[in-house]
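# Structure at a glance
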Amino acid sequence: MIHATKILSEFAYKLKYEDLPSEVTQTTKKYIADYYAAAFAGIKVNRQFNDAVGEVILDMGGKAECDFIFSSERIPAPNAAFMSACYAHGADMDDGNRKAMGHVGAHVISAVLTLAQTLPVSGKDIITAINVGYEVYNRVAAAVQPGLVHRGFHSTGTAGAIACGAASAKLMGMDEEGIYNTMALSAIQASGLIIIAESGQCCKPINPANAAKTGIISARIIAKGIKSSIYPLESKKGFFHAMSDEVDEEMITQGLGEVFTVCESYMKPYPSCRHTHCGIECALDIRQRLPEKAVIKEVRVYIYKNAIDIAGQIKVPQVSDDAKFSVHYSLAAALLRGHFNLSDLDISHMDDELLRIISCTRLIDDPSMENRDEGIRGCRVVVLLGDGSEYEKTVLIPLGDAAKPLSWQDIREKLHGCSEGLLSENQQDRLMENILSLEKAESIKTINLYGV
């Protein structure tokens with residue numbers, strides 16, 4: 001097996017801002033803007049969990065060194081990153097990567113932007129460290145998928161801890177050995193189960209939150225001269241063996257330093273699990289073509305097994321958190337309402353017709369709807385009406401994917417919808433302006449990334 005830890009730590013150490021193509025730096029800023037949009041959505045829709053976690057974190061006290069999203073409280077950096085990551089993943093509107101089968105910005109960007117408050121770093125340093133985090137996460141997680149998720153692990157928390165360690169060490173200016181040891185110490189602590197996609201979904205943000213916190217703590221410990229484990233990914237007692245039966249080494253090395261995976265990742269236009277998005281798109285398209293007063297008799301959803309396993313187990317949401325992980329509910333809501341946005345997470349709006357559509361929706365395992373090499377994670381929806389007519393739509397790649405990217409205008413509209421009621425339009429504009437000019441900032445302390 002290749003020495004993946006050495007390959008990635010060497011890459012992270014050598015990477016300079018000047019090595020990043022313009023497309024990569026611009027895309028990175030777009031992901032930062034999307035991160036804030038997702039975080040504001042998470043603040044609004046996951047309030048009970050946020051309040052509970054916030055009370056516990058603030059009661060810990062500690063050094064007043066960093067603030068976190070939409071808060072003037074100053075707390076220790078690891079805890080501030082923990083809180084920001086909780087918010088960023090709270091509505092499941094944060095970015096991700098299909099090969100890694102998990103989310104990235106919620107932990108990597110939280111760790112980097114928080115730790116940056118304590119260091120004399122520039123906007124260019126921040127963009128570079130974020131790309132280190134994306135490369136490590138997307139490659140390590142992809143290498144152990146789908147075995148990792150089949151074992152019940154959540155790559156967002158597990159590989160996320162290693163990514164946040166690498167990104168934090170890079171931001172702190174560590175050498176290759178320091179980055180290696182930080183990745184090792186983070187790997188030891190990597191954790192997170194995907195069971196939170198089945199029940200207790202409000203707690204799902206704990207995984208990226210722990211990843212962000214772990215990365216910062218690990219980097220700070222290693223900076224004090226500590227040496228961690230050798231071969232933390234490759235050893236028989238290491239990350240790869242613990243997380244999966246098969247490791248795809250190509251995912252680590254293919255295009256490293258030439259193809260930056262932030263440009264291969266995705267953003268989410270809908271506040272739900274990514275496995276529901278193609279179904280939502282199909283439903284929205286079919287709805288526009290249905291005749292007035294159409295009576296839907298049956299809905300057939302041809303979709304891949306991973307989607308059924310992760311987002312096909314909940315038919316009728318019992319709590320609002322369930323709505324984010326239900327192909328049945330999200331598709332039915334989009335089909336009947338013509339949208340799926342934050343308001344649709346309120347299940348008190350369910351009526352008899354929505355329940356009827358859910359009851360006549362059938363998920364059918366179709367392996368042709370997933371092809372990892374070709375970037376396909378789609379579905380085909382067939383709606384049968386009472387008069388015998390059929391309406392069909394296939395979406396193989398969901399909106400927001402690298403092949404169907406969101407524009408800056410899309411991101412601006414997403415930020416507006418997600419931050420409405422929290423930020424004024426002037427504050428939204430300032431936030432966007434600060435992100436767009438991030439590479440010009442000599443120090444993060446001279447700009448206000450929160451817009452408040």
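So, here's what we can say about the structure. (Residues numbered from 1 in each chain as written. Predicted model: local features only at pLDDT ≥ 70, side-chain atom pairs only at ≥ 80, totals over all residues. Heavy atoms only, no water.)

## Thoughts on the overall build of the protein chain
- Per the secondary structure count, the protein chain includes 18 helices and eight strands.
- Taking 22 Å as the expected radius of gyration for a compact globule of 452 residues, we find that the protein chain reaches 21 Å, a close match to that expectation.
- Overall size of the protein chain, expressed as C-alpha extent along the three principal axes, is 75 × 50 × 40 Å.
- Looking at the 452 residues of the protein chain, the share that counts as buried comes to 60%.
- Contacts in the protein chain between residues far apart in sequence, at least 24 positions, make up 78% of those at least 6 positions apart.
- Of the roughly 17500 Å² of accessible surface on the protein chain, a fraction of 50% belongs to carbon and sulfur atoms.
- Placing the 45 positive and 57 negative side-chain charges of the protein chain at their respective mean positions leaves the two points 2 Å apart. (Helix = DSSP H or I, 4+ residues; strand = E, 2+ residues; numbered from the N terminus. Rg over C-alpha atoms; globule rule 2.2 N^0.38 Å. Buried < 20%, exposed > 50% of the residue type's maximum accessible area, 1.4 Å probe, protein only. Contact = heavy atoms within 4.5 Å. Areas by Shrake-Rupley, 256 points an atom, 1.4 Å probe, with all protein chains shown as cover. Lys, Arg positive; Asp, Glu negative; His and termini not counted. Charge placed at Lys NZ, Arg CZ, Asp CG, Glu CD.)

## What to know about the packing of aromatic side chains
- Overall, the coordinates contain six aromatic pairs when judged by the stated rule.
- Measuring from centroid to centroid gives 6.0 Å for Y31 and Y134, while their planes differ by 75°, and the two rings are edge-to-face. Of this pair, Y31 sits in helix 2 (residues 22-45) while Y134 is found in helix 6 (residues 123-143), placing the two residues 103 residues apart along the sequence.
- Among the residues examined, Y134 registers a relative accessible area of 0% and is labelled buried.
- Consider the rings of F239 and F240, whose centres lie 6.3 Å apart with planes at 65°: the pair is edge-to-face.
- Above the face of the F82 ring, K213 is positioned so that its terminal group lies 5.6 Å from the ring centre. (Phe/Tyr/Trp six-rings, centres within 6.5 Å; stacked < 30°, edge-to-face > 60°. Lys NZ or Arg CZ within 6 Å of the ring centre and 35° of its normal.)

## Side note on the pattern of salt bridges
- Under the counting rule described, the total for this entry stands at 21 salt bridges.
- The shortest N-O distance in the salt bridge between E10 and K14 comes to 2.8 Å. Of this pair, E10 and K14 both sit in helix 1 (residues 4-14), four residues apart, which is roughly one turn of that helix.
- On the accessibility criterion, E10 (27% relative accessible area) is partly exposed. (Salt bridge = Lys/Arg side-chain N within 4 Å of Asp/Glu carboxyl O.)

## Brief notes about a negative patch on the surface
- Taken together, the side chains of D248, E250, D373 and E374 make up a negatively charged region of the molecular surface.
- Relative to the elements of secondary structure, E250 occurs in helix 12 (residues 250-253). (Patch = residues over 30% accessible without salt bridge, like charges linked within 9 Å, V, L, I, M, F, W, Y side chains within 5 Å.)

## Topic: empty space enclosed by the protein
- Taken as a whole and assessed by the stated rule, the structure comprises three cavities of 30 Å³ or more.
- When its volume is computed, the largest cavity comes out at roughly 200 Å³.
- Looking at the lining of the largest cavity, the elements that each hand over two or more residues are strand 2 (102-103) and helix 7 (147-150).
- Each pocket or cavity is described by its volume, and for the second largest cavity that value is around 70 Å³.
- As for the second largest cavity, its lining consists of R98, R274, H275, C278, Y304, G375, R377, P398 and D401. (1 Å grid on protein atoms, 1.4 Å probe; cavity = no way out; pocket = protein on both sides within 12 Å on 5 of 7 lines; lining within 4 Å. Points joined across faces, edges and corners; volume = space filled by probe spheres on them.)

## Side note on helix 15 (residues 327-337)
- Judged by how many residues are buried, helix 15 sits mostly within the fold: nine of eleven residues are covered.
- The set of residues buried in helix 15 consists of V327, H328, Y329, S330, L331, A332, A333, A334 and L335.
- Residues of helix 15 that are buried sit in contact with helix 13 (277-289), strand 3 (296-303), helix 14 (305-311), helix 16 (352-359), strand 4 (361-365) and strand 7 (379-385).
- Phi turns positive one or two residues past the end of helix 15, at G338, with a value near 80°.

## Quick notes on the sheet that holds strand 8 (residues 390-395)
- With respect to topology, four strands assemble into an open sheet ordered 4-3-7-8, the strand pairing being mixed. Only two strands of the sheet have a single neighbouring strand rather than two, namely strand 4 and strand 8. Mean inter-strand twist for the sheet, computed between neighbouring axes without regard to direction, equals 15°.
- Packing against the sheet, helix 13 makes contact with strand 7 and strand 8, and its axis sits at approximately 145° to strand 8.
- Each of strand 3, strand 4 and strand 7 is contacted by helix 15, which is oriented at about 130° to strand 3, the strand it contacts most. (Pairing = 2+ DSSP bridges. Axes fitted to C-alpha atoms, helices over the stretch in contact; angles between N-to-C directions.)

## A word on helix 16
- Of the positions making up helix 16, those classed as buried are L354, I357 and I358. Buried positions in helix 16, seen along its axis, are confined to an arc of 100° and lie on one side of it. Seen from the buried face of helix 16, the exposed residues on the opposite side, beyond 90 degrees, are D352 and S359.
- Buried residues belonging to helix 16 abut strand 3, helix 15 and strand 4.
- For helix 16, the side-chain oxygen to backbone nitrogen distance between the N-cap and E353 is 3.3 Å, and the N-cap itself is D351. (Arc of directions from axis to C-beta. Polar contact = N/O pair within 3.5 Å; in protein donor to acceptor, adjacent residues only side chain to side chain.)

## Here's the deal with the nonpolar core
- Core analysis: the largest hydrophobic core is formed by 104 residues, its most contacted members being Y36, F40, I126, V140, L171, F239 and F240.
- Aside from chain neighbours lying at most four places away, what touches V140 is L8, A159, I162, L233, F239, F240 and I252. (Core = buried A, V, L, I, M, F, W, Y, C linked by side-chain atoms within 4.5 Å.)

## Remarks on the environment of G160
- Of note, G160 is situated in helix 8 (residues 155-171).
- By relative accessible area, which is 0% here, G160 ends up buried.
- Taking the C-alpha atoms as reference points, G160 and D344, separated by 184 residues in sequence, lie 29 Å from one another.
- In contact with G160, other than residues within four places in its own chain, are H107, Y137, S155 and A211.

## A closer look at the packing of helix 8 against helix 9 (residues 176-189)
- Two numbers describe how helix 8 lies on helix 9: the axes approach to 8 Å, and their chain directions differ by 150°. As far as their axial angle goes, helix 9 and helix 8 are roughly antiparallel. The two elements helix 8 and helix 9 meet at a crossing, and its hand is right-handed. Note on element contacts: helix 9 touches helix 8 through I179, T182, M183, S186 and A187, opposite A161, I162, G165, A166, A169 and K170. (Parallel < 35°, antiparallel > 145°, perpendicular 65-115°, else oblique. Left-handed = near helix turned anticlockwise from the far one by under 90°.)

## Observations regarding the state of the cysteines
- Going through the model one piece at a time under the given rule, you end up with zero disulfides.
- Here C282 is not cross-linked by a disulfide; its sulfur's nearest cysteine counterpart is in C379, at 4.0 Å.
- Its relative accessible area of 0% is what places C282 among the buried residues.
- Here C418 stays free of any disulfide, with the sulfur of C273 as its closest cysteine sulfur at 17 Å.
- Classification of C418 by relative accessible area gives buried; the value is 3%. (Disulfide = S-S within 2.5 Å.)

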